[in-house]
Amino acid sequence: MIKIGDYNHLEIVKEVDFGLYLDGDVLGEILLPKRYVPEKYEMGDVLKVFVYLDNEERLVATTETPLCKVGDFAYLEVAWVNQYGAFLNWGLMKDLFCPFREQKKKMQVGESYIVYVYIDEETYRIVASAKVDKFLNEEKPEYERGQEVEVLIWQKTDLGFKVIVDNKYSGLIYEGQIFKRIHTGDRMKGYVNQVREDGKIDIALQPTGRKQTLDFSATLMQYLREHDGFCDLGDKSDAEDIKYRFHVSKKTYKKAIGELYKRRLIDITDEGIQLRRKGEKGKRR
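Definitions and cut-offs
Residues numbered from 1 in each chain as written. Predicted model: local features only at pLDDT ≥ 70, side-chain atom pairs only at ≥ 80, totals over all residues. Heavy atoms only, no water. Pairing = 2+ DSSP bridges. Helix = DSSP H or I, 4+ residues; strand = E, 2+ residues; numbered from the N terminus. Contact = heavy atoms within 4.5 Å. Phe/Tyr/Trp six-rings, centres within 6.5 Å; stacked < 30°, edge-to-face > 60°. Buried < 20%, exposed > 50% of the residue type's maximum accessible area, 1.4 Å probe, protein only. Lys NZ or Arg CZ within 6 Å of the ring centre and 35° of its normal. Salt bridge = Lys/Arg side-chain N within 4 Å of Asp/Glu carboxyl O. Polar contact = N/O pair within 3.5 Å; in protein donor to acceptor, adjacent residues only side chain to side chain.

The next subject is the sheet that holds strand β16 (residues 230-231). Across the sheet, which stays open at both edges, the 3 strands sit in the order β16-β18-β17 with antiparallel pairing between neighbours. Either end of the sheet is taken by a strand with one partner, and the two such strands are β16 and β17 (266-268). When β17 meets strand β18 (residues 273-275), the two strands line up antiparallel, connected through 3 bridges. Each bridged residue has a counterpart across the sheet, and for Ile 266 the counterpart in β18 is Leu 275.

Set out below in structure tokens:
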């Protein structure tokens, strides 16, 4: 079955002056306009294409890669506005429509918003909604502590940043867990701290527990190798200095120092930490 607003693998069935027709099964033949036709092809070849509706609401195929597809949450910029709603740039010739009823506040040209992309059941058009809460899964997810997830930064709150987890669930990164600049629309890896009874997820931007220590230990070792084996930040340095340079908490930094010292890879001095040369005895003061 053809997936509208998504990628499909379709067979070439007819060649015309203005492009190729692809087999759309029960939906009939779907045009791939000439501008998207590959340089080399043969009848019967199967092409990977994105299928959506053109300006006349006809199915059309493209080899362009949109910024999102049906079922995705995305951060999109408003290209233009008319009396019916806003039109968002999603990387295709025809902009994505967001009707006024699906806007939390009136959208402005040039501004970007987190939206959900779906097929409207009444009009069968691909549309966007800025009322993303109603599209989030409310079931309690089966994540384990420390599990890696994909997060989309959603909006700033008094507690930190709300995020969308794995394109499906609502989550929160607390202010105290943020050690680098993040902005609405950023996509990044996150790590599950806990899943609450209400299904909300607490997210960290660094691995948790032992994995976090080992991962940052490797980062710190690489820093030392690139800076003549020395770092002027020690286990007594100011937490803000550590956060600014390495984007981790002082607790994580101290654990990494302890890990590297235990493995006899560094020395700890009053001036900072020093990469140990082979054969040297350890020193800590």
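Okay, back to it.
For the rest of this paragraph, the subject is the environment of Gly 28. Checked against the element boundaries, Gly 28 lands in the loop between β2 (19-23) and β3 (29-33). Remark: the alpha-carbon pair of Gly 28 and Gly 85, spanning 57 residues in sequence, is separated by 31 Å. When residues no more than four places from it in sequence are discounted, the contact partners of Gly 28 are Leu 22 and Asp 23.

What follows is about the packing of aromatic side chains. Inspection of every chain in the model, using the stated rule, returns 14 aromatic pairs. For the pair Phe 73 and Tyr 116, a centre-to-centre distance of 4.7 Å together with 50° between the ring planes defines the contact as tilted. Of this pair, Phe 73 sits in strand β6 (residues 73-81) while Tyr 116 sits in strand β9 (residues 112-119), and the two are 43 residues apart along the sequence. Given a relative accessible area of 1%, Phe 73 falls into the buried group. Ring centres 4.4 Å apart and planes at 20° place the aromatic pair Tyr 116 and Phe 135 in the stacked group. With Tyr 116 in strand β9 and Phe 135 in the loop between β10 (126-129) and β11 (148-156), the pair connects residues that are 19 residues apart, well separated along the chain. Overall, the relative accessible area of 23% leaves Phe 135 in the partly exposed class. Chaining the aromatic ring pairs together yields one cluster made of Tyr 7, Phe 50, Tyr 52 and Trp 90. The ring of Tyr 21 is capped by Lys 14, whose NZ or CZ atom sits 5.4 Å from the centre of that ring.

Moving on: the pattern of salt bridges. A full pass over the atoms with the stated rule returns 19 salt bridges. Of the charged contacts, one joins Glu 56 and Arg 58 as a salt bridge, the two residues approaching to 3.6 Å between their closest N and O atoms. Relative accessible area serves as the criterion here: at 57%, Glu 56 is assigned to the exposed category. Linking Lys 262 and Glu 259 is a salt bridge whose minimum nitrogen-to-oxygen distance equals 3.9 Å. Pair noted here: Lys 262 and Glu 259 are both in helix α3 (residues 250-262), with a separation of 3 residues, about one helical turn. Given the relative accessible area of 58%, Lys 262 is considered exposed.

Of note, Glu 57 is a non-glycine position whose phi angle comes to about 65°, a positive value. In this structure, Glu 57 sits in the loop between β4 (46-53) and β5 (59-62). The backbone of Asp 228 shows a phi angle near 55°, a positive value even though the residue is not glycine. Its location among the elements puts Asp 228 in the loop between α1 (209-226) and β16. By relative accessible area, Asp 228 is classed as exposed at 77%.

Our next topic: the side chain of Lys 94. With respect to the element layout, Lys 94 can be found in the loop between β7 (85-89) and β8 (96-99). At a separation of 3.5 Å, a polar atom in the side chain of Lys 94 contacts the main-chain carbonyl oxygen of Leu 53.

Before going further, it helps to examine the environment of Glu 197. Note that Glu 197 resides in the loop between β14 (187-195) and β15 (201-204). For Glu 197, a relative accessible area of 71% translates into the label exposed. Placed 57 residues apart in sequence, Glu 197 and Lys 140 show a C-alpha to C-alpha distance of 7.4 Å.

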